[in-house]
Amino acid sequence: MFRQARRKALQHADSAALRRDQGAWLLGAATLTLVPHFVTLPAWVSMLCTLLLLWRGTSLWRGQGSTNRYLILLLAAGAGVGVRLAYGHFFGKDPGIALLAILLGLKLLETRSMRDIRAAVLLCFFLQLGLFFENQTLPVAALALAACLLSIGSLLALSDPDAGTRERIRTSALLLGQGLPFMLVLFVLFPRVQGPLWGLPADAHSGMSGLSDSMKPGSISELSLSEAIAFRAEFTTTPPPPALRYWRGPVLTDFDGSTWRQRIHTLGDTPAYVPTGQKLEYRLTLEPHNQRWLLALDYPAGPLPGARFSSDFQALSQAPVRSRTRFDLAAYPNTTIGIDEPQRVLNAALRLPTSGNPRSRALAQELAADGPSAAATLDRVLAHLIAAELTYTLRPPLTGSDSVDGFLFDSRRGFCEHFSSAFVFLMRAAGVPARVVTGYQGGEINPVDGSLVVRQSDAHAWAEVWLPQRGWIRVDPTALAAPGRIESGLAGSLPVGEALPLFMRPQFSWLREIRHHWEAVSNSWNQWVLGYNPERQRELLSRLGLGDVHWSALLGLLSLGAALLMAALFAWALRNRRNTDPLDRAWAAFSAKLDARGLGRRPAEGPLDFGRRIAAALPVQAEALNEIVTCYAQLRYRPPADPAAIRELNKRIRTLKLT
Amino acid sequence: MGVGNTLSAGASRLIDRWLFRLGAPEPAPIVLGQRRIYVLPTAAGYAFGVALLVMLIASINYNLSLGYALTFLLGGVATASIIHAFRNLLHLSIRSGRVEPAFCGDSAVFRLLIDNPRAARRPALRLRARGESTSFELPPGTNAEISLALPTRTRGLLPLGRTVIETTWPLGLIRAWSVLIPDIDNLVYPAPELDPPALPTQGAGDALGQRSMRQGDDDFAGFRSYQPSDSPRHLAWKVFARGGPLMSKQFSALEGGDLELDWFALPDSLDDEARLSRLTAWLLIAERSGHRYALKLPTLYFPLATGPQHLRQCLRALALYGHATPGTRHVQAS
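What comes next is a walk through the structure.

What counts and what doesn't
Residues numbered from 1 in each chain as written. Chains lettered and ligands numbered in written order. Predicted model: local features only at pLDDT ≥ 70, side-chain atom pairs only at ≥ 80, totals over all residues. Helix = DSSP H or I, 4+ residues; strand = E, 2+ residues; numbered from the N terminus. Buried ≥ 20, exposed ≤ 12 C-beta atoms within 10 Å, placed from the backbone. Contact = placed C-beta atoms within 7 Å. Pairing = 2+ DSSP bridges. Axes fitted to C-alpha atoms, helices over the stretch in contact; angles between N-to-C directions. Nonpolar A, V, L, I, M, F, W, Y, C, P; charged D, E, K, R; others polar. Core = buried A, V, L, I, M, F, W, Y, C linked by C-beta atoms within 7 Å. Expected span 1.5 Å × (residues − 1). Arc of directions from axis to C-beta. Parallel < 35°, antiparallel > 145°, perpendicular 65-115°, else oblique. Left-handed = near helix turned anticlockwise from the far one by under 90°.

A count of helices and strands for chain A gives 22 helices and 16 strands. The proportion of buried residues among the 659 residues of chain A is 36%. Sequence-distant contacts, at least 24 apart, represent 73% of the contacts inside chain A between residues at least 6 apart.

Before going further, it helps to examine the overall build of chain B. From N to C terminus, chain B includes 6 helices and 17 strands. Looking at chain B as a whole, 35% of its 334 residues qualify as buried. For chain B, the share of sequence-separated contacts (at least 6 apart) that also reach a separation of at least 24 residues comes to 69%.

A word on the pairing of strand β7 (residues 132–138) of chain B. Judged from the 6 bridges that link them, strand β6 (residues 122–129) of chain B and β7 of chain B form a sheet pairing that is antiparallel. Directly across from L127 of chain B, in β7 of chain B, lies its bridge partner T134 of chain B.

All names here are of chain B. Sheet architecture is open: 5 strands sit in the order β2-β11-β10-β6-β7, paired in antiparallel fashion. This sheet does not close on itself; its edge strands, each paired only once, are β2 (38–41) and β7. For this sheet the average axis-to-axis angle between neighbouring strands, irrespective of direction, equals 25°. The strands that helix α3 (residues 65–89) touches are β2, β6, β10 (163–167) and β11 (174–180); relative to β11, the one it contacts most, it runs at about 30°.

The subject of this paragraph is the interface of chain A and chain B. Facing 55 residues of chain A, the contacting portion of chain B comprises 53 residues. The element contributing the most residues to the side of chain A that touches chain B is helix α7 (residues 165–189) of chain A, with 10 residues. Considered class by class, the residues forming the side of chain A that touches chain B number 36 nonpolar, 11 polar and 8 charged.

Moving on to unusual backbone geometry. With an omega dihedral of -10°, the bond running from D298 of chain A to Y299 of chain A counts as a cis peptide bond. Mapped onto the elements of the fold, Y299 of chain A is located in the loop between β6 (280–286) and β7 (307–310). Omega for the peptide link from W169 of chain B to P170 of chain B comes to 5°, which places this bond in the cis form. For P170 of chain B, the location among the structural elements is in the loop between β10 and β11. In the Ramachandran plot, N290 of chain A falls in the positive-phi region, its phi being about 65° despite a non-glycine side chain. By the secondary structure assignment, N290 of chain A is in the loop between β6 and β7. On the basis of neighbour counts, which here come to 14 C-beta atoms within 10 Å, the residue N290 of chain A falls in the partly exposed class. The phi torsion at Q469 of chain A lies on the positive side, around 65°, for a residue other than glycine. When the 7 C-beta atoms within 10 Å are taken as the criterion, Q469 of chain A is described as exposed.

On to the sheet that holds β7 of chain A, then. All names here are of chain A. Taken in spatial order, the 3 strands line up as β5-β7-β8 in an open sheet, and their pairing is antiparallel. Across the chains shown, the open sheet's two edge strands, defined by having one partner strand only, are β5 (267–268) and β8 (315–317). Judged from the 2 bridges that link them, β5 and β7 form a sheet pairing that is antiparallel. Its bridge partner being in β7, G268 is matched across the sheet by F309.

All names here are of chain A. With 8 of 8 residues buried, strand β12 (residues 434–441) is to be regarded as a mostly interior element. As defined by bridge partners, β12 adjoins strand β15 (residues 459–467) across 7 bridges and the pair is classed as antiparallel. Each bridged residue has a counterpart across the sheet, and for V436 the counterpart in β15 is A463.

In terms of nonpolar packing, the biggest core is built from 125 residues, with A101, L104, A120 and C124 of chain A together with L70 and L283 of chain B touching the most fellow members. Broken down by element, the residue count for this core peaks at 15 residues, all from α3 of chain B. Contacts of A101 of chain A, omitting those with residues within four sequence positions, involve L34, H37, L41, V45, C49 and L127 of chain A. Counting 80 residues, the second-largest nonpolar core is a separate cluster that includes A230, F423, A430 and A463 of chain A.

This part covers helix α1 (residues 20–34) of chain A. For an α-helix the count is 3.6 residues per turn, leaving residues at separations of three or four pointing the same way. Residues and elements named next belong to chain A. Over its 15 residues, α1 runs 20 Å from end to end, which matches the ideal 21 Å to within 8%, given 1.5 Å per residue. Those residues of α1 that fall on the buried side of the exposure criterion are Q22, G23, W25, L26, A29, A30, T33 and L34. Within α1, the buried residues cover an arc of 160° as seen down the axis, which keeps them to one side. Each element contacted by the buried residues of α1 is listed here: α2 (43–61), α4 (93–109), α5 (114–134) and α6 (138–159).

Time to look at the environment of L363 of chain A. All names here are of chain A. On the secondary structure map, L363 appears in helix α10 (residues 358–367). Look at L363 and you get buried, because 22 C-beta atoms sit within 10 Å. When the C-alpha positions of L363 and V381 are compared, they lie 9.3 Å apart, and in sequence the two are 18 residues distant.

This paragraph deals with the packing of α7 of chain A against helix α18 (residues 551–574) of chain A. Residues and elements named next belong to chain A. Running from amino to carboxyl end, α7 crosses α18 at an angle of 170°, the nearest separation of the two axes being 9 Å. One finds that α7 runs roughly antiparallel with respect to α18. In contact with Q178, P181, F182, V185, L186 and L189 of α7, α18 contributes L554, L557, L558, G561, A562, L565 and L569. Tallied by class, the residues present in the contact of α7 with α18 amount to 11 nonpolar, 2 polar and no charged.

All names here are of chain A. Closest axis-to-axis distance for the α1/α2 pair is 10 Å, and the angle between their directions is 165°. Considering their axes alone, α1 and α2 lie roughly antiparallel with respect to each other. Of the two possible hands of crossing, α1 and α2 adopt the one that is left-handed. Between α1 and α2, the contacting residues are R20, G23, A24, L27, A30, T31 and L34 on the first element and C49, L53, R56, G57 and L60 on the second. Partitioning the contact of α1 with α2 into residue classes produces 7 nonpolar, 3 polar and 2 charged.

Printed below as a string of structure tokens:
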């Protein structure tokens, strides 16, 4: 009983024309891989790729083969020139991705041989990796995984053109599922090297946002519309109250009339103060911002591996923070700082441009006319600012060249940079050393995982005043006009009717709830997947009781894990699935029973012949044997077999005792 | 053939002997167990490996955690595909099937019965032997007859020889294969001479053109009453239509008498192969025209007879002429 095997037409292995379903898989994989790149690719590249995909789609639909090779070469050359013109060079991730994307689009048109198609699938894999340059969040990971599944499906469709779609998806998913344990073992145990291996192209760190090292009107209010996370902090103890959540960024001393800038400072391995008072321990997970400041909570204790402390009390990383980085920090909020500040620092904190803002200068001189102490001057300036009834707003009107005068006397509306700038100006004009401090203030506790999330919208500018015997005192002039800014963040402090970012509006609290959950998941993702670096690897291995593992031991461990997984897969492959037909199983059991008596069924023997032979050999049980054989023959050759009858036959075979 | 070729042929024989443990044809059924299935990456597999290396370096350089994850996942998938390729061949059992003898120059068809004991499809398999290949797949839980047509260049016994069954399923990155020598051989008859001279007329000595009542298809000879075994083509429908009895038309063959095809009666100018070719052509013509024929070879004599069985025996003798007498297995061509 042969079933003629379905035979494919004998086709030469390397010149297969793409069949429609194979092409559809490949096109699907390419589309799913390319489309997410359109967010970052230049518009013309996205357009070109879309056109190429559509072109391939229609030619596939019409059943046309490959496109003219010279046309493709021409297009490729054109695209190369275009990329060169757009980026100025070929090296680096952005032009690289653009080139790869165009190449994939063109390769789809030129599917002349199996090799072309496999090359297209490899390009898909490269571009899936390329997705992670811009974004490594969970949704992008899911997208890349889906694209990966389709790409594997296309390879499968190439090697097995006769399989159905469902079978292809099932096999791809099975392969991915079996690849997953290998991935986990490799991910955890592969010896991690802190990149980069060589100098990265200049564009490697574009697109990171955050504070800058200078401040002029409008620079912080721009940031405050961004909901992006600046950093997260997980406190081992109770998080500090909002009024103490000042995360120190650049300290700006030099003022040229419009812009505040950092002054040159010295660096040391330990801070220039003695931490005292209450201690707060926390772990800071900093999003990359391509700058060196760590944004530690005032005032950090040292020394800290990989960090230095500046003479204006910032903690700075050795190198710009270009990947998400963790720091274990301790803060002493009640420390006194800068009592023994050198005179040149204080002089710099008194310097003002020679001209400009005459009304403010006059006001300051009026407030300090009777030569009060620095503390008294501070009280008077604060009192004046309160009395001036300034308004805190996200959209301050533009001020002219005398920005402080414009804010204090004309518009009287401003954001934190206006408040701090005006306050410091007044204090200096009144003869008290003062400077602007930028950073972040506040942050929101995520109720899901308890971490404190600080966003770009929490960017803030405040001030420090130097008082004799007391050192630098933090003063937040914004709090005078908008006390809610400190206690409850931006949303609580703006006047009614200001356009707030969507998530900050009170009526969208449910949206915030969802975001809390989502961000808690993202945080774990960031900590454990994206932030899995050499330190984290060491930490995990020592937690597993492996101590400090040398990389060669790590490789050994890795090989062991891979070998175990391979053995498991091998066992799976060797497992011979049992015969699924119950009737066959019953008959096999019967044959085995007689085989034990030396009366096994011969390969060429039909059931009835077999029955006659064994009945003759065992005359005592001839009747029982005959019944079984006849029953089997009936069930086998007169389908469909009744399951109940099969069970009955099974029972009879089981209870048969050969004498 | 250069020294290099000889060397490489010798090396591959050595590999066959020591690695694949091949020698004489194996008794059927040949079951592909785990010890005789080999796996190595294909060219596409090596390219994939290089691509993964590039991806790994990019991930290290740019500190892409998910880049690591993707690279490792693809590496894991490729590793799993090794097992899948291996499993696609595992437990297949191969038996010899029928063969179709061919005349030299035509294709000789070998058939192998390949049994798939697993209740799952075995896709994308390929059978290769003597430079020819055929792609096939096996339905779940049953066996299939796979035929492989090989071109023939010399007459004689043609064993299938070293046969490779392979697959690059599922991803085309890994090739799993097994080498076997199935116990199957085919017979290649000499190529019939293209324009042979007329059949020799000596033999039984009767005059030419004598009509004989040995039934043939050549000439109408009369009617006889219908017998159930008569061909419907020979029914005398016209007689029946006129209301007559059911009659059969009788034909007679134009008999040139019995033939003796004698090796030694051929002209001396012909060499052995030319003689074999001519005898082959004559045998075919004689069989077609319904003559009884005898074949006389230097060492063998087939007495007068006719019919496919007789033809096969004679052709076989011609095919094996001058070869060491082979065993008598597999002579039954069908």
